[in-house]
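Remarks on the overall topology
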Number of protein chains: 2
Amino acid sequence: MTSTDKERIMDMKSAAKKAKEASWILAESSSAEKNSALMRISAALELRINEIISANEIDLDRSAKEGISKPILKRLAFGEQKIREIIEGIQSLVSLADPVGKTLMATELDKGLDLYRVSCPIGVIGIIFESRPDALVQISTLCLKSGNTVLLKGGSEARETNKILAEIIEEAVKGHSIPDGWIHLVETRDEVKTMLELESHIDLIIPRGSNEFVRYIMDHSHIPVMGHADGICHVFVDQTADVEMAVSIAVDSKTQYVAVCNAAESLLVHEKISKEFLPKLKEAMDKKNVTLRGCDRTRNIINAEIATDADWKTEYLDYILSIKIVDSLDEAIEHINTYGSHHTDAIVSGDESSAQRFMNRVDSGGVYWNCSTRFADGFKYGLGAEVGVSTSKIHARGPVGLEGLVTYKYKLIGNGNIAADYAEKRKTFTHIRKV
Amino acid sequence: MTSTDKERIMDMKSAAKKAKEASWILAESSSAEKNSALMRISAALELRINEIISANEIDLDRSAKEGISKPILKRLAFGEQKIREIIEGIQSLVSLADPVGKTLMATELDKGLDLYRVSCPIGVIGIIFESRPDALVQISTLCLKSGNTVLLKGGSEARETNKILAEIIEEAVKGHSIPDGWIHLVETRDEVKTMLELESHIDLIIPRGSNEFVRYIMDHSHIPVMGHADGICHVFVDQTADVEMAVSIAVDSKTQYVAVCNAAESLLVHEKISKEFLPKLKEAMDKKNVTLRGCDRTRNIINAEIATDADWKTEYLDYILSIKIVDSLDEAIEHINTYGSHHTDAIVSGDESSAQRFMNRVDSGGVYWNCSTRFADGFKYGLGAEVGVSTSKIHARGPVGLEGLVTYKYKLIGNGNIAADYAEKRKTFTHIRKV
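One structure accompanies this document, and this report is about it. (Residues numbered from 1 in each chain as written. Chains lettered and ligands numbered in written order. Predicted model: local features only at pLDDT ≥ 70, side-chain atom pairs only at ≥ 80, totals over all residues. Heavy atoms only, no water.)

1. Some remarks on the overall build of chain A
Rule in force here: Comment: elements are numbered from the N terminus, with helices defined as DSSP H or I runs of at least four residues and strands as E runs of at least two. Throughout this description, buried means an accessible area under 20% of the type-specific maximum (1.4 Å probe, protein chains only), exposed means over 50%, and partly exposed covers the range between. When checking whether two residues touch, look at their non-hydrogen atoms; a contact exists if any pair is within 4.5 Å. Where accessible areas are quoted, they stem from the Shrake-Rupley method and a 1.4 Å probe; at the residue level, only the protein chains shown are allowed to cover. When charges are counted, Lys and Arg contribute as positive and Asp and Glu as negative, whereas His and the chain ends are disregarded. To locate a charge, take atom NZ for lysine, CZ for arginine, CG for aspartate or CD for glutamate.
Check the secondary structure of chain A and you find 16 helices and 17 strands. Seen along its three principal axes, the alpha-carbon backbone of chain A occupies a region of about 75 × 70 × 40 Å. Here chain A holds 435 residues, and 60% of them are scored as buried. Contacts in chain A between residues at least 24 apart in sequence constitute 72% of all its contacts with a sequence separation of at least 6. Total accessible area on chain A stands at roughly 17,300 Å², and carbon and sulfur atoms take up 49% of it. A gap of 2 Å separates the mean positions of the 54 positive and 64 negative side-chain charges of chain A.

2. Points about the interface of chain B and chain A
The condition is simple: Note on definitions: buried area is the accessible-area loss of two parts on being combined, 1.4 Å probe, summed for both. A pairing counts as a salt bridge when a side-chain nitrogen of Lys or Arg comes within 4 Å of a carboxyl oxygen of Asp or Glu. Between N or O atoms, a polar contact is any pair within 3.5 Å; within protein, one atom must be a potential hydrogen donor and the other a potential acceptor, and residues adjacent in sequence are included only when both atoms are from side chains. Each residue gets one of three labels, nonpolar for Ala, Val, Leu, Ile, Met, Phe, Trp, Tyr, Cys and Pro, charged for Asp, Glu, Lys and Arg, and polar for the others, Gly among them. For two strands to be treated as a pair, DSSP must find no fewer than two bridges joining them.
With 79 residues of chain B at the contact, the number on the chain A side is 79 residues. Of the roughly 6,800 Å² buried between chain B and chain A, counting both surfaces, carbon and sulfur atoms make up 57%. A per-residue breakdown of the area chain B buries against chain A is headed by W24, I394 and Y410 of chain B, which together make up 11% of the total. For the pair chain B and chain A, the interface holds 10 salt bridges. A salt bridge links K393 of chain A to D203 of chain B; the shortest N-O distance between them is 3.3 Å. Summed over the shared surface of chain B and chain A, the number is 50 residue pairs in polar contact (both at pLDDT 80 or more). Element by element, the count of residues in the side of chain B that touches chain A is highest for strand β16 (residues 406-417) of chain B, at 11 residues. For the side of chain B that touches chain A, the class distribution of residues is 37 nonpolar, 23 polar and 19 charged. Pairing between strand β16 (residues 406-417) of chain A and strand β13 (residues 366-371) of chain B: five bridges, direction parallel.

3. With respect to the environment of K74 of chain A
The residue K74 of chain A is located in helix α4 (residues 70-76) in this model. In this structure the C-alpha to C-alpha distance between K74 of chain A and T255 of chain A, which are 181 residues apart in sequence, comes to 19 Å.

4. Considerations on the packing of aromatic side chains
Short version of the rule: Note on aromatic pairs: the rings of Phe, Tyr and Trp (six-membered ring only in Trp) are paired at centre separations within 6.5 Å, and the planes decide the class, stacked below 30 degrees, edge-to-face beyond 60, tilted for the rest. Only when the NZ atom of a Lys or the CZ atom of an Arg is both within 6 Å of the ring centre and within 35 degrees of the ring normal do we say a charge sits over the ring.
Under the counting rule described, the total for this entry stands at 14 aromatic pairs over all chains. Measuring from centroid to centroid gives 6.1 Å for F429 of chain A and F379 of chain B, while their planes differ by 85°, and the two rings are edge-to-face. One end of the pair, F429 of chain A, is in the loop between α16 (419-423) and β17 (432-433); the other, F379 of chain B, is in the loop between β13 and β14 (388-390), on a second chain. Directly above the aromatic system of W312 of chain A lies the positively charged group of K324 of chain A, at a separation of 5.8 Å from the ring centroid. For the cation-ring pair, R117 of chain B lies above Y408 of chain B, with the distance from its terminal atom to the ring centre recorded as 4.8 Å.

5. A few points about the sheet that holds strand β13 (residues 366-371) of chain A
How we decide: All axes here are fitted lines through C-alpha atoms, helices being fitted over the stretch that makes contact, and every angle between N-to-C directions spans 0 to 180 degrees.
With mixed pairing, the 11 strands of this open sheet are ordered in space as β10(A)-β9(A)-β11(A)-β8(A)-β7(A)-β12(A)-β13(A)-β16(B)-β2(B)-β1(B)-β17(B). Two strands close off the open sheet at either side, each with one partner strand: β10 (305-306) of chain A together with β17 (432-433) of chain B. Pairing of strand β9 (residues 291-294) of chain A with β10 of chain A involves two bridges; the strand directions are parallel. Each residue of the ladder has a partner; that of R293 of chain A, found in β10 of chain A, is E305 of chain A. Seen against the sheet, helix α14 (residues 329-339) of chain A touches β7 (233-237), β8 (264-270), β11 (320-326) and β12 (344-348) of chain A and runs at an angle of roughly 140° to β11 of chain A. Against the sheet, helix α15 (residues 352-361) of chain A contacts β7, β12 and β13 of chain A together with β16 of chain B, and its axis sits at roughly 145° relative to β16 of chain B.

6. Digging into the relation of the copies chain B and chain A
Counted only if it meets this: The least-squares superposition of copies is restricted to C-alpha atoms, and to residues with a pLDDT of at least 70 in both copies.
The two copies are related by a screw motion: chain B maps onto chain A through a turn of 180° and a shift of 0.0 Å along the axis, at an RMSD of 0.0 Å. Here the transformation between the copies is reduced to the relation of a two-fold axis. For chain B, the smallest separation between a C-alpha atom and the rotation axis is recorded for H395 of chain B, amounting to 1.9 Å.

7. Description of the nonpolar core
Across soluble globular proteins, nonpolar side chains have a tendency to be buried as a group. Quick note on the threshold: Among buried residues, the Ala, Val, Leu, Ile, Met, Phe, Trp, Tyr and Cys ones that are joined through side-chain atoms within 4.5 Å form a nonpolar core.
Residues W182 of chain A together with W182 of chain B are the most contacted members of the largest nonpolar core, which totals 132 residues. Once you skip the residues sitting within four places of it in the chain, W182 of chain B turns out to touch A22, L26, I41, S140, L144, N148, T149, V150, I169 and V173 of chain B.

8. Describing the sheet that holds strand β5 (residues 183-186) of chain A
Residues and elements named next belong to chain A. Pairing is parallel across the open sheet formed by four strands, whose spatial order is β5-β4-β3-β6. Because the sheet does not close on itself, it has two edges, and the strands there are β5 and β6 (204-207). For this sheet, the mean inter-axis angle between neighbouring strands, taken without regard to orientation, is 20°. With four bridges connecting them, strand β4 (residues 149-153) and β5 associate as parallel partners. Within the sheet, the bridge partner assigned to K153 lies in β5 and is V186. The strands touched by helix α1 (residues 3-26) are β3 (124-128), β4 and β5; relative to β4, the strand with the most contacts, the crossing angle is about 150°.

9. Structural notes on the packing of helix α5 (residues 80-95) of chain A against helix α6 (residues 133-145) of chain A
Residue and element names in this part refer to chain A. This is how the line gets drawn: In this scheme, roughly parallel covers angles under 35 degrees and roughly antiparallel covers those over 145, while 65 to 115 is roughly perpendicular and the rest are oblique. A clockwise turn of the near helix away from the far one marks a right-handed crossing, whereas an anticlockwise turn of less than a right angle marks a left-handed crossing.
Running from N to C, α5 and α6 point in directions that differ by 15°, and their axes come no closer than 10 Å. Classed by the angle they form, the pair α5 and α6 counts as roughly parallel. The hand of the α5/α6 crossing is right-handed. Residue-level inspection shows I86, I90, L93 and V94 of α5 in contact with α6, the latter providing D134, V137, Q138, T141, L142 and K145. For the contact of α5 with α6, the class distribution of residues is six nonpolar, two polar and two charged.

10. A closer look at the side chain of S140 of chain B
Residue and element names in this part refer to chain B. Here S140 lies in helix α6 (residues 134-145). The exposure class of S140 is buried, given its relative accessible area of 0%. Of the polar contacts made by the side chain of S140, one reaches the backbone oxygen of V137; its length is 3.3 Å. Excluding residues within four positions of it along the chain, S140 makes contact with V150, L152, I169, W182 and I183.

11. Structural notes on α6 of chain B
Residue and element names in this part refer to chain B. Put simply, the rule reads: Between the first and last residue of a helix there are one fewer steps than residues, each counted as 1.5 Å, and that sum is the expected span.
Between its first and last C-alpha, α6 extends 17 Å over 12 residues, near the 16 Å set by a 1.5 Å rise per residue. Judged by how many residues are buried, α6 sits mostly within the fold: 11 of 12 residues are covered. When α6 is considered as a whole, its buried residues turn out to be D134, A135, L136, V137, I139, S140, T141, L142, C143, L144 and K145. Positive phi shows up at G147, right after α6, with a value of about 75°.

12. Regarding the pattern of salt bridges
Evaluation of the coordinates by the stated rule reveals 62 salt bridges over all chains. R426 of chain A is the partner of D421 of chain A in a salt bridge, and the nearest nitrogen-oxygen pair spans 2.9 Å. For D421 of chain A, a relative accessible area of 15% puts it in the buried group. E403 of chain B serves as the salt-bridge partner of R433 of chain A, at 4.0 Å between the closest nitrogen and oxygen. With one member in each of two chains, R433 of chain A in strand β17 and E403 of chain B in the loop between β15 (398-400) and β16 form a pair that bridges those chains.

Shown next as structure tokens:
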């Protein structure tokens with residue numbers, strides 16, 4: 001490790017400490033203060049749009065020379081139209097309700113002793129994201145609106161773009177009642193390692209990237225991690241399904257955008273409808289050039305490659321679909337809970353009680369009836385932007401927007417009340433729930 | 001490891017798998033089914049009360065012979081009165097609202113495409129608790145009511161009592177629409193180690209015990225842990241405090257029950273009121289035989305031992321209080337956020353804006369104004385029983401009752417809706433929030 005590396009890591013530690021201290025102050029900022037900061041950020045991005053475009057061109061040129069793949073270059077590109085979209089996004093964030101300071105519960109414990117459960121920011125959030133520079137703006141503004149301070153590590157391909165974006169955002173609000181140090185750009189991999197150890201300064205890590213990367217983060221930190229590694233989503237075609245609807249939902253779930261976490265990877269079909277359904281599915285999937293991999297019983301009905309046990313656990317992110325025939329709804333549920341990733345799973349069924357059983361028993365963040373898995377997305381859910389999709393069962397599940405970035409604290413307000421009075425029966429609790 | 005040990009560990013793994021599968025079914029159980037199971041448990045405990053008392057006598061005799069301390073023997077004792085209290089507790093649990101199946105949010109995404117955020121059980125909960133056998137009954141019935149299956153490890157002193165209690169509870173509901181395998185008693189330390197590795201079967205670990213023990217659990221599992229290690233609670237006496245009230249709150253917070261997590265360990269006092277307050281505090285604390293450890297400025301005003309930096313981070317759980325004079329409200333907030341354990345902290349102040357700033361900026365699960373830290377407790381909050389107190393900021397904070405034992409899932413119900421229609425602008429989202 002060079003001395004510059006060591007300095008960087010010291011800087012990282014002191015930035016995290018500063019972010020922690022800033023989080024205490026930002027927790028108390030009013031909606032007006034936070035919204036005015038967001039408007040300043042949107043104005044500054046508008047004003048300095050040419051600087052952003054120039055920095056992005058440097059990243060694009062260097063990455064093209066390094067032979068980076070076309071899809072990644074496309075995600076890296078941050079031209080005028082994308083920048084204007086992101087500015088509009090900030091303006092719509094301003095109009096969303098402040099998630100902080102909501103009274104979630106209020107109970108009178110005794111006359112003059114009132115308990116409130118109030119929403120509050122989580123504190124310091126560390127976010128590690130992939131190549132898209134728009135993610136930096138989206139995430140940092142979501143954190144600001146929810147009163148959280150943020151440490152950001154973007155993809156190295158986008159380093160110049162990220163640097164100018166972080167600079168513009170930081171300068172835009174400096175000295176305007178938002179505490180210094182609320183945003184910090186982390187630049188090297190070594191700093192990320194350090195980040196994962198800073199339990200006392202960082203409250204939550206949100207990793208966005210490849211499966212292996214997210215798993216590495218989860219395995220190497222005692223800081224809570226919110227996000228998802230795999231997205232192994234299923235479509236189950238029940239015996240009472242409308243066949244045409246089932247084909248349409250399967251095609252959309254698989255092919256509408258194959259490279260994303262909410263695309264379907266496995267299709268399960270009830271034995272009783274399989275002979276009618278599978279040939280029609282094959283016809284439609286052939287048109288989209290989807291490779292089918294089936295269980296033995298599937299291959300007795302249609303042409304398909306052999307699916308092995310590994311296929312049930314694989315996120316292809318490609319034009320490949322695994323298919324299995326099941327004998328019952330319960331077998332489908334067990335398969336999904338065993339092999340799936342608890343992300344989003346759909347049933348196509350004409351029978352309400354089967355659909356309810358599926359939605360109650362399938363242990364996933366999203367359980368859908370008669371619609372495509374591709375709807376699992378913060379924008380589509382009407383949450384505004386999202387910081388990610390969570391397959392965790394603790395705190396927040398599914399697409400995570402502003403509400404997933406807050407927790408709560410209990411405020412208790414009395415007038416000298418002491419516990420001994422209640423322990424020794426001089427007073428008794430009233431426990432009147434107000435909210 | 002003996003072959004019996006190996007068998008136990010295999011049993012443990014298969015019990016965890018069974019608990020997982022049972023959790024899918026229990027998630028769908030109705031309130032009526034769960035309440036009727038709770039009534040059966042309460043009746044069975046009543047019917048077999050003599051068996052429980054006999055088992056407890058075996059534990060008490062053995063522990064006394066082993067020279068176990070009096071306070072632990074007292075917590076281990078589970079006589080008729082305590083058993084009747086716990087039976088009453090189950091009956092009051094029946095009357096609490098079911099936390100599962102509540103619609104937390106409902107949005108029409110488009111005509112005929114409705115999104116619901118619905119509360120659901122977390123799944124399988126692993127609980128490791130100290131010597132009190134009443135904890136086993138309380139925890140397992142809280143889990144049942146919230147639709148969670150449970151793996152329980154109690155203190156080895158209470159092994160016979162725990163064994164008969166788990167047996168009675170399991171047998172009482174067997175064959176009555178609650179799935180087999182929903183409760184499992186773990187008996188050895190080796191099994192606990194195995195438990196911590198079963199990420200795919202266990203969703204949440206709740207450890208209750210000493211600091212070192214909770215830290216060990218947190219450091220040795222990738223399963224989310226809910227609970228608290230330290231309870232370093234503060235009382236801050238602001239310059240505008242009513243001195244008599246401040247003394248009373250300090251005495252109650254420190255001495256009403258010294259061995260618990262919500263007892264105060266440190267007192268901070270504003271310089272401007274210190275000369276008036278500290279002598280009165282000393283007089284009151286002397287009567288309760290509390291040893292005072294103070295900073296230099298404190299020791300210029302009253303007699304006290306020297307407090308070192310270590311004192312600010314120590315949970316004494318004893319008749320000892322550390323005292324520091326601060327120059328401002330902000331210094332008090334910074335001290336508490338730096339040295340505290342984010343459990344429960346109180347301000348005594350006559351000034352509302354100072355109190356609000358304290359409650360907004362202190363980063364703890366409980367922030368109190370003009371009352372004792374000893375109120376941080378599920379029963380006192382009116383939550384019914386509690387499974388523990390959480391200092392985590394993710395998911396649940398403070399005393400955790402039924403609501404802290406559920407998470408949510410998104411249910412999306414359509415009629416063949418596919419994402420392509422919205423991506424290609426044939427349809428647009430309405431995003432009408434209904435709940």
